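# What the coordinates show
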Amino acid sequence: MRNTLLLYGKEMLEMSRSYKLLWVPVVFILLGVMQPVMMYYLPELLAASGDIPAELASTLAVPSAPEVMAQVLNQYNTIGILLVVIAGMNLVAGERYSGTAALILVRRVSPTQFIVAKWLGHITLIAVSYSLSYLAAWYYSSIMLGSLAWQTTLQAGAIYLCWILLAASIILLFSTVLKGGAAALASILLLVVLTMTHSLLPSWFSWSPARLAVDAMSLLSGIGSVNLVGPLLLTVLAVLLCVMGASYIMRNQAIQDQP
Amino acid sequence: MDIQWQIIAPVILLQLILVVIALVSLAKAEAETVRGTKLLWVVIILFGNIIGSIVYFVAGRKDDGA
């Protein structure tokens, strides 16, 4: 436990040294804020571009705040997830190939402690960035586009947080097996497959963790029923499996020298 | 079209912060840990908007292992 906390502290220090602690939250906040601002100014922007007739421009309504929040989640689903994966792709791979992992693991640190500290560090970074970004999007949507029901918005945000944390855990798992770029690609593919199977065959994959993302969006736009016990349990299980799998692989992995 | 600056200003400020972080990070980095020449990255960061800075943070440095 003490080792894990020590490594966690070292992990946070490392993240602030590489400016990750700064740029990931800033990019996330920009991502969240852009959507409400864009939607608010869209009719004016289209009118200013002069390519569409005036009658059509006047019919373009500014969407309501809940709709825009759903779009914000949609943005997270594409660019946000990509960001989570890219920020984490060298989580373990980088340490392994630069030889830091070997240096740490010859001390009395178990691979599990090492992985758990890495995981905690990444989870903290992503959870904080996402929460700040979601709050900023919420604030902007409500001052510009009308009020939001705070219970629904909070609920949807929390549900979506689980999905994004799953993505953060999956990249940890792949990062122990593959090199940075390949790990990022593999996790993106896995997440896309999860989302695709759920959207193509919703009744077969009603337990899929991808349901969290979809339900968070439909919760905001006020359509569809939300039954989350299955997906939520499975997501927690999947996160645990990712961390356990990663530490299992780490334990059985020959420590590599420079590539 | 009237622009409400109190809405836009924070967004611009955030973008500026991002660019400044990227430039400070680049300035402090040793030349041999940076992939490619530094001047190239300055251009990418300044003109690449948000994406430019992200690309620098993700791909610009060798010590991240990739």
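Source: prediction; values computed, not measured.

### Quick look at the interface of chain B and chain A
- Residue-level contacts link 24 residues of chain B with 21 residues of chain A.
- For the pair chain B and chain A, the summed buried area comes to about 2100 Å², and 76% of that belongs to carbon and sulfur atoms.
- Summed over the shared surface of chain B and chain A, the number is zero salt bridges.
- Among the secondary structure elements, those contributing two or more residues to the side of chain B that touches chain A are helix H1 (5-28) and helix H3 (49-59) of chain B.
- No other element matches H1 of chain B, which puts 12 residues into the side of chain B that touches chain A.
- Looking at the side of chain B that touches chain A, its residues break down into 16 nonpolar, four polar and four charged.

### A few points about the UniProt feature "domain: Cardiolipin synthase N-terminal" (unreviewed entry) in chain B
- Here the UniProt-annotated "domain: Cardiolipin synthase N-terminal" (unreviewed entry) positions come out as residues 17-61 of chain B.
- Annotated as residues 17-61 of chain B, this span is 73% helix and 0% strand, and its ends, taken at the C-alpha atoms, are 20 Å apart.

### So, unusual backbone geometry
- Non-glycine residue Tyr19 of chain A carries a positive phi angle of around 65°.
- Tracing the chain through its elements places Tyr19 of chain A in the loop between helix H1 (2-17) and helix H2 (20-49).
- One non-glycine residue with positive phi stands out, namely Asn49 of chain B, at about 60°.
- Looking at the secondary structure, you find Asn49 of chain B in helix H3.

### Some points on the pattern of salt bridges
Residues and elements named next belong to chain A.
- Under the counting rule described, the total for this entry stands at three salt bridges over all chains.
- For the salt bridge of Glu11 with Lys10, the shortest nitrogen-to-oxygen distance reads 3.9 Å.
- In this structure Glu11 comes out as buried when scored by relative accessible area, which is 5%.
- Of the charged contacts, one joins Asp215 and Arg211 as a salt bridge, the two residues approaching to 3.0 Å between their closest N and O atoms. Taken together, the residues span about one helical turn, with Asp215 and Arg211 both in helix H10 (residues 210-221) at a distance of four residues. Across this residue pair, the class does not change: Asp215 and Arg211 are buried.
- What emerges from the salt-bridge pattern is a single network uniting Lys10, Glu11 and Lys118.

So, how was this worked out
Residues numbered from 1 in each chain as written. Chains lettered and ligands numbered in written order. Predicted model: local features only at pLDDT ≥ 70, side-chain atom pairs only at ≥ 80, totals over all residues. Heavy atoms only, no water. Contact = heavy atoms within 4.5 Å. Buried area = accessible area lost by both parts, 1.4 Å probe. Salt bridge = Lys/Arg side-chain N within 4 Å of Asp/Glu carboxyl O. Helix = DSSP H or I, 4+ residues; strand = E, 2+ residues; numbered from the N terminus. Nonpolar A, V, L, I, M, F, W, Y, C, P; charged D, E, K, R; others polar. UniProt positions renumbered as here; feature names shortened; annotations may be inferred. Buried < 20%, exposed > 50% of the residue type's maximum accessible area, 1.4 Å probe, protein only.

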